[in-house]
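Structural characterization, general
The chain contents come next:
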Amino acid sequence: GGNDGLYNGGLTRGPGDIPLGWEDDWRVSGLAGVRFFRFDERLVFGSLDAGGTWGGNGGIDEAYLNDRVENDLFGVQVGFRVAKRFWRNLRLFLEPQVGVFNNHIHHRFEAYRGDGAVAAPTVASGVTGTYPVSSSENGVSFLTQIDLGLEWQMTQRWSVQVGYRVLAMTGIALADSQIPTYVVDIPELAAIDNNADLVLHGGFAGLSYNY
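This text gives an overview of the structure that appears in the document.

**Side note on the pattern of salt bridges**
Across all of its chains, the model carries nine salt bridges by this definition. Between Asp72 and Arg38 there is a salt bridge, and its shortest N-O distance comes to 2.6 Å. Note that Asp72 is positioned in strand S2 (residues 62-87) and Arg38 in strand S1 (residues 26-48), a separation of 34 residues in sequence. For Asp72, a relative accessible area of 16% puts it in the buried group. For Arg38, a relative accessible area of 47% puts it in the partly exposed group. Two residues, Glu95 and Arg81, come together in a salt bridge whose shortest N-O distance is 3.0 Å. In this pair, Glu95 is assigned in strand S3 (residues 90-113) and Arg81 in strand S2, connecting sequence segments 14 residues apart. Judged by relative accessible area, which is 17%, Arg81 ranks as buried. Each of Arg81, Arg91, Glu95 and Glu151 takes part in salt bridges that share partners, so that together they form one network.

Structure, rendered in structure tokens:
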């Protein structure tokens, strides 16, 4: 077939192509909106008394520390999307975004024996309080996301995307950062440490409908 007139850059339309009308060699669009993101982590550490066996003696030879922390991020983010059609209805796109978020953190720490008995500070420790220890606080987190992928425009309204995503966050509370040197220090357990950074990455796939 000859030049369709809907595609710029001298590309010709072939079988299976869909005339999209708005499609150019390059397309740049802005992005803005609100976002919610949750990161939930749990760490369980178990120890065994000398001479004991796992699962034996009713579990009284085992001791466990169970630490869970939830980061609920809510805020605004901005970014842009650069896309280039390079063959028929296939587009390559790059989509960076950045945002500032309020991070509501909830932390819960438990200490218990294998038979379910909950630990308690001894009188000699001078520590007041009991397990489990629960606390929460708010902090500021920054989140950056970069997507690189391929999009196939199946019809005028439906498209499929596959790609690779990298997420980087600051001001995150991690489970292993909440355990102090002395686990009997209940006030220190209640003080949330949220100065960690986190990077998540991996592939993604999606289906979009343009109405």
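Having seen the structure, we can now continue with the description.
**Things to note about the environment of Asp197**
Its place among the elements puts Asp197 in strand S6 (residues 196-209). Taking the relative accessible area as the measure of exposure, Asp197 reaches 56% and is therefore exposed. In this structure the C-alpha to C-alpha distance between Asp197 and Thr170, which are 27 residues apart in sequence, comes to 4.5 Å. Once you skip the residues sitting within four places of it in the chain, Asp197 turns out to touch Met169, Thr170, Gly171 and Leu174.

Calculation rules
- Residue numbers restart at each chain and count upward from 1, following the sequence in its written direction.
- Where local features are concerned, this predicted model is filtered to residues with pLDDT of at least 70; where side-chain atom pairs are given and counted, the filter is 80 or more; whole-chain, interface and lining totals use all residues.
- Excluding hydrogens and water, the side-chain figures rest on all heavy atoms present in the structure.
- Note on definitions: salt bridges are taken to be side-chain nitrogens of Lys or Arg within 4 Å of carboxyl oxygens of Asp or Glu.
- Helix and strand definitions here come from DSSP, where helices need a minimum of 4 consecutive H or I residues and strands a minimum of 2 consecutive E residues; each element is numbered from the N-terminal end.
- Burial here depends on accessible area, computed with a 1.4 Å probe over protein chains only, as a share of the maximum for the residue type. Under 20% is buried, over 50% is exposed, and the range in between is partly exposed.
- Any two residues having at least one pair of non-hydrogen atoms within 4.5 Å are treated as being in contact.

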